[in-house]
Amino acid sequence: MTVQELPGAAAYQPTPPPAWKPLTDPAPLLPDPEPYRVLGTDAAADADPELLLRLYAELVRGRRYNAQATALTKQGRLAVYPSSTGQEACEIAAALVLEERDWLFPSYRDTLAAVARGLDPVEALTLLRGDRHTGYDPREHRIAPLCTPLATQLPHAVGLAHAARLKGDDVVALALVGDGGTSEGDFHEALNFAAVWKAPVVFLVQNNGFAISVPLAKQTAAPSLAHKAVGYGMPGRLVDGNDAAAVHQVLSEAVERARSGGGPTLVEAITYRMDAHTNADDATRYRGDSEVEAWRAHDPVRLMERELTARGLLGDDGIEEARSAAERMAAALRERMNADPVLDPMDLFAQVYAEQTTQLREQAAQLRVEMDAENGQHGTDDGGAGR
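(A) Fine view of the overall build of the protein chain. Across its full length, the protein chain holds 12 helices and seven strands. Oriented by its inertia axes, the alpha-carbon framework of the protein chain measures out at about 90 × 70 × 45 Å. Within the protein chain, the fraction of its 387 residues that count as buried is 46%. Partitioning the contacts of the protein chain with sequence separation of at least 6, the portion at a separation of at least 24 is 74%. Taking the 37 positively charged and 56 negatively charged side chains of the protein chain as two groups, their mean positions are separated by 1 Å.

Quick look at the structure:
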């Protein structure tokens, strides 16, 4: 029996599929042609003076934090440090826009954002020192572990935000990623899921011009990274990443949109990495000094200081106070990082799983036997499994 001979087949009249039409009007999702700015524009008059002063104090402290952490690598106290010097406005704004109940999902370069959110500076550097898996309790601080693999924190942020909404929790996740991370599959998967689910998550791309030595033009042919948002059905925003007031405003609007059920937003902040990729990188091999110097004229600390002094909100005493506070922070960080940590090798097996697996218990037992043998003791079989 053919298909045509089946009962009821004569009544079947094939019709073409409905004409394609966009699910979403793309026009409102498109970013502005130029990065949004506040400092040095008419919009600065409407900016909250208290917020500007707080941003300035955090910028000064952040600049000193980056310098001190970089120095610690040269002293052998840190294995590696990816500096965010030049990107402090993005880091500070990302930390300050969040409520205590919200979550921050940082990359390996975003230790400053974690510190600005309230994390102990030493705990923020513990991973880069090689002492612990993370160095802090993510649940306590609402800061996910510093993520070294590129962009893998983005699907995690979407998952947490979506789960929070399903539970009825008023929580927003803010995920940070570099321009290099936008070429990873995790980036695209995260944006697609976030848009389809309308998850309360904000993606902040810190476009600092280079993915290690690879310039942006060799990664994408898009008009901007913010334009990538349209393909997933979410708004894309373009902002001057060295303008702390502008980044704070754009992120605040995106966080409020997410919290109110409007869904995700992709924000691209145009900034620049003044230092090398890490202390192991030689940036002179792929960029010239003239390029770096041109960006120094658009330094985020200098931009904010210029705005505040021009408006009479900041004088010499205020500048000195901010710098002194930053020096005190650096001195305390230096002193604490110069103390050798007391480490227990058995901690390697702690906090990997909520309940240790059979393999972890076996490995822990083997290590305990070897350690006891080195110490001239008789081996035991428990391996510290109760740790």
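This is not the end of the story, as more comes after the structure.
(B) Quick peek at the nonpolar core. By size, the foremost hydrophobic cluster in this structure holds 65 residues, and its most contacted members are L125, L174 and L251. Among the elements that make up this core, the one with the highest residue count is helix 8 (residues 244-259) (nine residues). Ranked by size, the runner-up nonpolar core spans 26 residues in total, among them A161, A190, L191 and A195.

(C) Quick peek at the environment of L150. Counting through the fold element by element, L150 comes out in the loop between helix 5 (138-141) and helix 6 (153-167). Owing to a relative accessible area of 37%, L150 belongs among the partly exposed residues under this scheme. Beyond its immediate stretch of four places on either side in the chain, L150 contacts Y108, G180, E184 and D186.

(D) Quick look at the confidence of the model for the protein chain. The pLDDT averaged across the protein chain works out to 92; a share of 92% of its residues lies at or above 70. Across residues 383-387, where pLDDT falls below 50, the model places 10 contacts with residues more than four positions away in sequence or in other chains.

(E) Structural view of a nonpolar patch on the surface. Taken together, the side chains of F193, V196 and W197 define a hydrophobic patch exposed on the protein surface, amounting to about 310 Å² of accessible area. As for its position among the elements, W197 is in helix 7 (residues 185-197). We classify W197 as partly exposed; its relative accessible area is 33%.

(F) Local environment of the packing of helix 6 against helix 7. Where helix 6 meets helix 7, the closest approach of the two axes is 8 Å, and the angle between their N-to-C directions is 15 degrees. Classed by the angle they form, the pair helix 6 and helix 7 counts as roughly parallel. Helix-helix and strand crossings are classified by hand; for helix 6 and helix 7 the assignment is left-handed. Each of L154, P155, V158, H162 and R165 in helix 6 lies in contact with helix 7, whose residues at this interface are D186, F187, A190, F193, A194 and W197. Of the residues in the contact of helix 6 with helix 7, the class split is eight nonpolar, one polar and two charged.

(G) Inspection of the sheet that holds strand 3 (residues 201-207) at higher detail. Pairing is parallel across the open sheet formed by five strands, whose spatial order is 1-2-3-7-6. If you trace the sheet from one side to the other, it starts and ends with strand 1 (103-105) and strand 6 (236-240), each paired once. Neighbouring strand axes in the sheet, compared pairwise and without regard to direction, differ in orientation by 20 degrees on average. Relative to strand 3, strand 2 (residues 173-178) runs parallel, the two sharing six bridges. Looking at the pairing, V177 lines up with V205 of strand 3. Strands in contact with helix 7 are strand 3 and strand 7 (265-270); relative to strand 3, the strand with the most contacts, it is inclined by about 150 degrees.

(H) The arrangement of the pattern of salt bridges in detail. In the structure shown here, the tally under the stated rule is 14 salt bridges. Taking the shortest distance from any N to any O, the salt bridge between D120 and R336 comes out at 3.0 Å. With D120 in the loop between helix 3 (111-116) and helix 4 (121-129) and R336 in helix 11 (residues 316-337), this pair connects stretches of sequence that are 216 residues apart. On the basis of relative accessible area, R336 is assigned to the partly exposed category, the value being 43%. The salt bridge partner of E293 is R296, with a shortest N-O separation of 3.0 Å. Taken together, the residues E293 and R296, both in helix 9 (residues 289-296) and three residues apart, mark about one turn of the helix. What emerges from the salt-bridge pattern is a single network uniting R101, D102, D170 and R259.

(I) The pairing of strand 2, seen in detail. Among the six residues in strand 2, five count as buried, and that is most of the element. With three bridges connecting them, strand 1 and strand 2 associate as parallel partners. Its bridge partner being in strand 2, L104 is matched across the sheet by L174. After leaving strand 2, the chain enters helix 7 and then returns to the sheet as strand 3, a path that is right-handed.

(J) Region of interest: the side chain of T271. Checked against the element boundaries, T271 lands in the loop between strand 7 and helix 9. Among the residues examined, T271 registers a relative accessible area of 2% and is labelled buried. Of note is the side chain of T271, whose polar atom sits 2.7 Å from the side chain of N242. Apart from the residues lying within four places of it in its own chain, the contact partners of T271 are G86, Q87, C90, Q206, N207, N208, G241, N242 and W295.

(K) Expanded view of unusual backbone geometry. Phi is positive for A151, which is not a glycine, with a value near 75 degrees. Its place among the elements puts A151 in the loop between helix 5 and helix 6. Accessibility expressed as a relative area gives 2% for A151, which makes it buried. The phi angle at K198 is positive, at roughly 55 degrees, despite the residue not being glycine. Structurally, K198 is set in the loop between helix 7 and strand 3. Using a relative accessible area of 47% as the deciding quantity, one classes K198 as partly exposed.

The rules we used
Residues numbered from 1 in each chain as written. Predicted model: local features only at pLDDT ≥ 70, side-chain atom pairs only at ≥ 80, totals over all residues. Heavy atoms only, no water. Helix = DSSP H or I, 4+ residues; strand = E, 2+ residues; numbered from the N terminus. Buried < 20%, exposed > 50% of the residue type's maximum accessible area, 1.4 Å probe, protein only. Contact = heavy atoms within 4.5 Å. Lys, Arg positive; Asp, Glu negative; His and termini not counted. Charge placed at Lys NZ, Arg CZ, Asp CG, Glu CD. Core = buried A, V, L, I, M, F, W, Y, C linked by side-chain atoms within 4.5 Å. pLDDT = per-residue confidence, 0-100. Patch = residues over 30% accessible without salt bridge, like charges linked within 9 Å, V, L, I, M, F, W, Y side chains within 5 Å. Areas by Shrake-Rupley, 256 points an atom, 1.4 Å probe, with all protein chains shown as cover. Salt bridge = Lys/Arg side-chain N within 4 Å of Asp/Glu carboxyl O. Axes fitted to C-alpha atoms, helices over the stretch in contact; angles between N-to-C directions. Parallel < 35°, antiparallel > 145°, perpendicular 65-115°, else oblique. Left-handed = near helix turned anticlockwise from the far one by under 90°. Nonpolar A, V, L, I, M, F, W, Y, C, P; charged D, E, K, R; others polar. Pairing = 2+ DSSP bridges. Right-handed = clockwise from strand over helix to strand, strands pointing away. Polar contact = N/O pair within 3.5 Å; in protein donor to acceptor, adjacent residues only side chain to side chain.

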